[in-house]
Amino acid sequence: GENVEQHPSTLSVQEGDSAVIKCTYSDSASNYFPWYKQELGKRPQLIIDIRSNVGEKKDQRIAVTLNKTAKHFSLHITETQPEDSAVYFCAAGTGTASKLTFGTGTRLQVTL
Amino acid sequence: NAGVTQTPKFRVLKTGQSMTLLCAQDMNHEYMYWYRQDPGMGLRLIHYSVGEGTTAKGEVPDGYNVSRLKKQNFLLGLESAAPSQTSVYFCASSGRGNTEAFFGQGTRLTVV
């Protein structure tokens, strides 16, 4: 089955700096790559996603890049703010059922 | 729209007891999922359903059973609870194709 690895497990940045989280996947059939943000005690919520026919997608301060050949994708957050502090999960989906395999999460801490 | 609703939110079970977690969605989604979330392990898929009357095993199905008798409901059962099943359980649903998975608020289950 699919295996998704995510790094780093924790990341601390100063407010205004950029943060980058990287994920690799193993199944070349995976074609959907969402990123979820989970605040403490809350449910995961989608922040951005990318499909395998696209190399990069941007939404304001958030961007995701995908390298299908190398089987890795990354989340980039620019101009970080304290409210960006949360746990971020990458995931890979195969087929039409959005059956997602998640990474183990990155705890992002944005300090003042 | 309530989205995805899980009941109960918290539960404490004794080893060997049984219980059922209920997930309800009002978005007319075809696909529904049950995940468990444990510290440092991300979200792992237990079982999923691609339509009313159908279910399939995910990554960690042992010790759990599911049923999808109605399109809007997906039930997760524990027949004989074990301490290893102490976790936070999330239900999710999504539409056809690789689209956003919406999560419920989670159920914190403790087995003593």
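The structure this text deals with has already been given above.
Let me sum up the structure you'll find in this document. From a predicted model like this one, the values you see are computed outputs, not experimental measurements.

### Focus: the pattern of salt bridges
Residues and elements named next belong to chain A.
- Applying the stated criterion to the full structure yields 8 salt bridges over all chains.
- Put simply, Lys-37 and Glu-39 hold a salt bridge, and the shortest N to O gap is 3.7 Å.
- Here the residues in one salt-bridge network are Asp-49, Arg-51 and Lys-57, joined through shared partners.

### Description of the side chain of Arg-68 of chain B
All names here are of chain B.
- Within the fold, Arg-68 resides in the loop between strand E7 (65-67) and strand E8 (73-78).
- In this structure, Arg-68 is buried with no salt-bridge partner, the nearest side chain bearing the opposite charge being Glu-30 at 5.8 Å.
- From its side chain, Arg-68 meets the backbone oxygen of His-29 in a polar contact 3.2 Å long.
- Here Glu-30 takes part through its backbone oxygen, which lies 2.8 Å from a polar atom of the side chain of Arg-68.

### Notes on the side chain of Gln-38 of chain A
- The topology assignment puts Gln-38 of chain A in strand E4 (residues 30-38).
- Here Gln-37 of chain B takes part through its side chain, which lies 2.8 Å from a polar atom of the side chain of Gln-38 of chain A.
- Apart from the residues within four sequence positions on either side, Gln-38 of chain A is in contact with Arg-43, Pro-44, Ala-86, Val-87 and Phe-89 of chain A together with Gln-37 and Phe-90 of chain B.

### Some details on the state of the cysteines
- Applying the stated rule across the entire model yields 2 disulfides over all chains.
- Two residues, Cys-23 of chain A and Cys-90 of chain A, share a disulfide whose sulfurs are 2.0 Å apart. Taking the sign of the S-S torsion, -100° for the link of Cys-23 of chain A and Cys-90 of chain A, the bridge is left-handed. Here the residue Cys-23 of chain A occupies a position in strand E3 (residues 19-25), and Cys-90 of chain A occupies one in strand E9 (residues 86-94), the gap between them amounting to 67 residues.
- Judged by its relative accessible area of 0%, Cys-90 of chain A is buried.
- Here Cys-23 of chain B pairs with Cys-91 of chain B through a disulfide, and the sulfurs are 1.9 Å apart. As the torsion about the S-S bond is roughly -75°, the Cys-23 of chain B-Cys-91 of chain B disulfide counts as left-handed. Residue Cys-23 of chain B is located in strand E3 (residues 19-25), and its partner Cys-91 of chain B is located in strand E9 (residues 87-94); the two are separated by 68 residues in the primary sequence. Both residues of the pair, Cys-23 of chain B and Cys-91 of chain B, belong to the buried class.

Conventions we followed
- Residues numbered from 1 in each chain as written.
- Chains lettered and ligands numbered in written order.
- Predicted model: local features only at pLDDT ≥ 70, side-chain atom pairs only at ≥ 80, totals over all residues.
- Heavy atoms only, no water.
- Salt bridge = Lys/Arg side-chain N within 4 Å of Asp/Glu carboxyl O.
- Helix = DSSP H or I, 4+ residues; strand = E, 2+ residues; numbered from the N terminus.
- Buried < 20%, exposed > 50% of the residue type's maximum accessible area, 1.4 Å probe, protein only.
- Lys, Arg positive; Asp, Glu negative; His and termini not counted.
- Polar contact = N/O pair within 3.5 Å; in protein donor to acceptor, adjacent residues only side chain to side chain.
- Contact = heavy atoms within 4.5 Å.
- Disulfide = S-S within 2.5 Å.

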